[in-house]
Amino acid sequence: MAEAEIQSGEKEYFLNIPQQNETFFLKGCANYDWGFKNRLARIFNPRSGKTVMLAFDHGYFQGPTTGLERIDVTIVPLTPFADALMLTRGILRSVIPAATGKPIVMRASGGPSILKELSNEHIACDIDDAVRMNCSAVAVQVFIGGEYETQSVNNMTQLVDSGMKVGMPVLGVTAVGKELVRDAKYMGLATRMCAELGAAIVKTYFCPDFERVAAGCPVPLVIAGGKKLPELDALKMAYDAIQQGASGVDMGRNIFQSEAPIAMLHAVQKVVHEGMNYKQAHEYYLDQKNKKNA
Ligand code: R5P
């Protein structure tokens, strides 16, 4: 039968169309393996190249942060409107429905609470468990300039090594100690170190001259939201970060502590994926919020 098909000459090989060699859409990520890239492409929207990650991992060192006392009640309803979820494995297993289609970025470092020296973290999750839970990346805090700087860098490089074996990207989170200034010089140092030492994605804070930080980081950079700001200010921060080279946000308190978290998530999506101006996005936020209250 197979021989008959070959002889019939009916097969179409499109001999005039060369096979396309697609380049990967994220900066600095072209040379990873298929599974690794596939995970990245779940976190970052391939059309815009950007992501809106919802971060609610704060409990891993802060306990029940305001807004996260009952993640099942306040956060699970927000998850359909985020591109990816950043959380701990404890919350993933205990609260997040396994049927969620959202890519998971799992916190994989920890140890000290807010009562102790925060930089004294260790790896807090085996890469096998991240694979078991079908995670799309693992996140590790890196404390450049902190007391346990080298140890935290070592946590990251160990996770990068084990991640490479299974195709799991590592998100390096640049943590800022109380005594460290959040300026472009410091952020440039911390983000570049994370990328040079193997992080596929780096998370940092927005700061003046952010475009220099973004330009100096050879892999996608996302910004944390930080403390709760008025919605207009948070949207401006997200807008400025995107315009200056960020590949997205990994935002927590400015979403889940907002008066209207779903409206805020929608507005942040507009800023990140569509480049909507922050003033328009704020109008959009108010509109969505009022619709809900109508
Ligand atoms: C903090 O250490 C956690 O990694 C948070 O995920 C991160 O700070 C983002 O949350 P927020 O936008 O509330 O700062």
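Residues numbered from 1 in each chain as written. Predicted model: local features only at pLDDT ≥ 70, side-chain atom pairs only at ≥ 80, totals over all residues. Heavy atoms only, no water.

Remarks on the sheet that holds strand β9 (residues 221-224)
In spatial order, the strands read β1-β2-β3-β6-β7-β8-β9-β10; together these 8 strands close into a barrel with parallel pairing. Neighbour-to-neighbour, the strand axes of this sheet turn through a mean angle of 25°, independent of strand direction. Here 5 bridges tie strand β6 (residues 137-142) to strand β7 (residues 170-174), and the two strands are oriented parallel to one another. Looking across to β7, one finds that V138 is bridged to V170. Contacts from helix α8 (residues 184-196) reach β6, β7, β8 (201-204) and β9, with the element oriented near 160° to β8. Relative to strand β10 (residues 248-251), helix α10 (residues 231-243) is tilted by about 145°, and along the sheet it contacts β9 and β10. (Pairing = 2+ DSSP bridges. Helix = DSSP H or I, 4+ residues; strand = E, 2+ residues; numbered from the N terminus. Axes fitted to C-alpha atoms, helices over the stretch in contact; angles between N-to-C directions. Contact = heavy atoms within 4.5 Å.)

Things to note about the environment of A175
Secondary-structure assignment places A175 in the loop between β7 and α8. Residue class for A175 comes out buried when judged on its relative accessible area of 8%. Note: C-alpha distance between A175 and G146 (29 residues apart in sequence) is 8.7 Å. Beyond its immediate chain neighbours, meaning those up to four positions away, A175 contacts Q141, V142, F143 and Y186. (Buried < 20%, exposed > 50% of the residue type's maximum accessible area, 1.4 Å probe, protein only.)

Looking at the site of the ligand
Lining the immediate environment of the ligand, one finds 15 residues, of which D57, H58, G226, G252 and R253 sit closest. Contact distances for the ligand include 2.9 Å between an oxygen atom and a backbone N or O atom of G225. Between the ligand and R253, the relevant distance is 2.7 Å, taken from an oxygen atom to a side-chain nitrogen or oxygen of the residue. When the ligand is considered free in solution it has 360 Å² of accessible area, and contact with the protein chains removes 97% of it. (Near = heavy atom within 4 Å. Polar contact = N/O pair within 3.5 Å; in protein donor to acceptor, adjacent residues only side chain to side chain. Areas by Shrake-Rupley, 256 points an atom, 1.4 Å probe, with all protein chains shown as cover.)

Notes on the pairing of β6
When you tally the buried positions in β6, you get 6 out of 6 residues, the bulk of the element. The handedness of the β6 to β7 crossover, carried by helix α7 (residues 149-166), is right-handed. (Right-handed = clockwise from strand over helix to strand, strands pointing away.)

Considering the pattern of salt bridges
Overall, the coordinates contain 11 salt bridges when judged by the stated rule. The closest approach of N and O atoms between D72 and R70, which form a salt bridge, is 2.7 Å. Across the pair K203 and D250 runs a salt bridge, and its minimum N-O distance is 2.7 Å. With K203 in strand β8 and D250 in strand β10, this residue pair connects regions lying 47 residues apart in the sequence. Across the pair, exposure class does not vary: K203 and D250 are buried alike. When salt bridges that share partners are traced, they join R89, R93, D129 and R132 into one network. (Salt bridge = Lys/Arg side-chain N within 4 Å of Asp/Glu carboxyl O.)

With respect to α10
In a regular helix each residue adds 1.5 Å, so 13 residues correspond to 18 Å; α10 covers 18 Å between its end C-alpha atoms and thus fits that length. Among the residues of α10, E231, A234, L235, M237, A238, Y239, D240, A241 and I242 are the ones counted as buried. Residues of α10 that are buried sit in contact with α9 (210-215), β9, β10, α11 (253-256), α12 (261-274) and α13 (278-293). Positioned one or two residues after α10, G245 has a phi angle of 115°, which is positive. (Expected span 1.5 Å × (residues − 1).)

Let's talk about helix α2 (residues 34-43)
For an α-helix the count is 3.6 residues per turn, leaving residues at separations of three or four pointing the same way. Three or more residues of α2 are buried, namely F36, R39, L40 and I43. Across the axial projection of α2, the buried residues extend over an arc of 100°, all falling on one side. Packed against the buried residues of α2 are β1 (51-55), β2 (84-87), β3 (104-107), β6, α7 and β8. (Arc of directions from axis to C-beta.)

Focus: the packing of α10 against α13
At a closest axis distance of 9 Å, the pairing of α10 and α13 adopts a crossing angle of 135°. Here α13 runs oblique to α10, going by the angle between their axes. The hand of the α10/α13 crossing is right-handed. Within the contact between the two elements, α10 uses E231, L232, L235, K236 and Y239 and α13 uses Y278, K279, A281, H282 and Y285. Across the contact of α10 with α13, the residue classes break down as 6 nonpolar, 1 polar and 3 charged. (Parallel < 35°, antiparallel > 145°, perpendicular 65-115°, else oblique. Left-handed = near helix turned anticlockwise from the far one by under 90°. Nonpolar A, V, L, I, M, F, W, Y, C, P; charged D, E, K, R; others polar.)

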